[in-house]
Amino acid sequence: SNCEVEHCDADYWIFSDRRGLRRSPINLDFELVVSPDHQFMYVGEVQSGPEGPKAHLMRIELKTMSLRRVANCAAPVLSPSKRSIGCRDASGNVHRFPLPDGPLTLVHTIDLGKKRIYSDAHSGVTLPAVRFIADNRIRIVTLTQGGDEEDIEEANWVESPRPPPK
């Protein structure tokens, strides 16, 4: 890593038994999900821009290290069935992304009332990943206001349909 007073640049690496150590095509600062078949790694990121925050779910093909944006959400977490990813858009809403290619489906819209999602100049919007509290139930924690308050909601999770047999 290369650190200055308020900032560090870091190199990110991915190691596998088959291919050894390789440089990641993207920063791995956030939650990571490896597909059950070990073909892909999903990385979420939230970027700030003039139009506000944007959430992106990026997919790294582990064989070639190619990178592709696959959905407008971040904070990925693998569902208990391992058939889909739960993730959050820039407004904090929860979506389901069936593996490996989607499409993205809205699962739950958060209700913050008059509160706003916490954001600061250094780290931007903070979106914690949802937590599965049962196979069909999630807990959504959203940092609000000054970063010291939490909105906690629970919602039903409807899993992606099973793929047809080959």
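See the structure printed just above.
Residues numbered from 1 in each chain as written. Predicted model: local features only at pLDDT ≥ 70, side-chain atom pairs only at ≥ 80, totals over all residues. Heavy atoms only, no water.

*Asks:* Sorry, what's going on with the overall build of the protein chain here?
*Replies:* Looking only at helices and strands, the protein chain has zero helices and 17 strands in total. For the protein chain, the spread of C-alpha atoms along the principal axes amounts to about 50 × 50 × 25 Å. Buried residues in the protein chain amount to 39% of all 166 residues. Considering only intrachain contacts with a sequence separation of at least 6, the fraction spanning at least 24 residues in the protein chain is 41%. In the form shown here, the protein chain has an accessible surface area of approximately 10,200 Å², with 48% of it arising from carbon and sulfur atoms. Side-chain charges of the protein chain comprise 21 positive and 23 negative groups, with the mean position of each set lying 10 Å from the other. (Helix = DSSP H or I, 4+ residues; strand = E, 2+ residues; numbered from the N terminus. Buried < 20%, exposed > 50% of the residue type's maximum accessible area, 1.4 Å probe, protein only. Contact = heavy atoms within 4.5 Å. Areas by Shrake-Rupley, 256 points an atom, 1.4 Å probe, with all protein chains shown as cover. Lys, Arg positive; Asp, Glu negative; His and termini not counted. Charge placed at Lys NZ, Arg CZ, Asp CG, Glu CD.)

*Asks:* How should the state of the cysteines be read in this particular structure?
*Replies:* The bond known as a disulfide is covalent and runs between the sulfur atoms of two cysteines. For the structure on display, the rule yields one disulfide. Shown here is the disulfide that connects Cys 73 with Cys 87, its sulfur atoms set 2.1 Å apart. Across the disulfide from Cys 73 to Cys 87, rotation about the S-S bond amounts to roughly -80°, and the bridge is consequently left-handed. Residue Cys 73 is found in the loop between strand E8 (66-71) and strand E9 (74-78), and its partner Cys 87 is found in strand E10 (residues 84-88); the two are separated by 14 residues along the sequence. For Cys 87, a relative accessible area of 0% corresponds to the buried category. (Disulfide = S-S within 2.5 Å.)

Read these as geometric descriptors, not functional statements.
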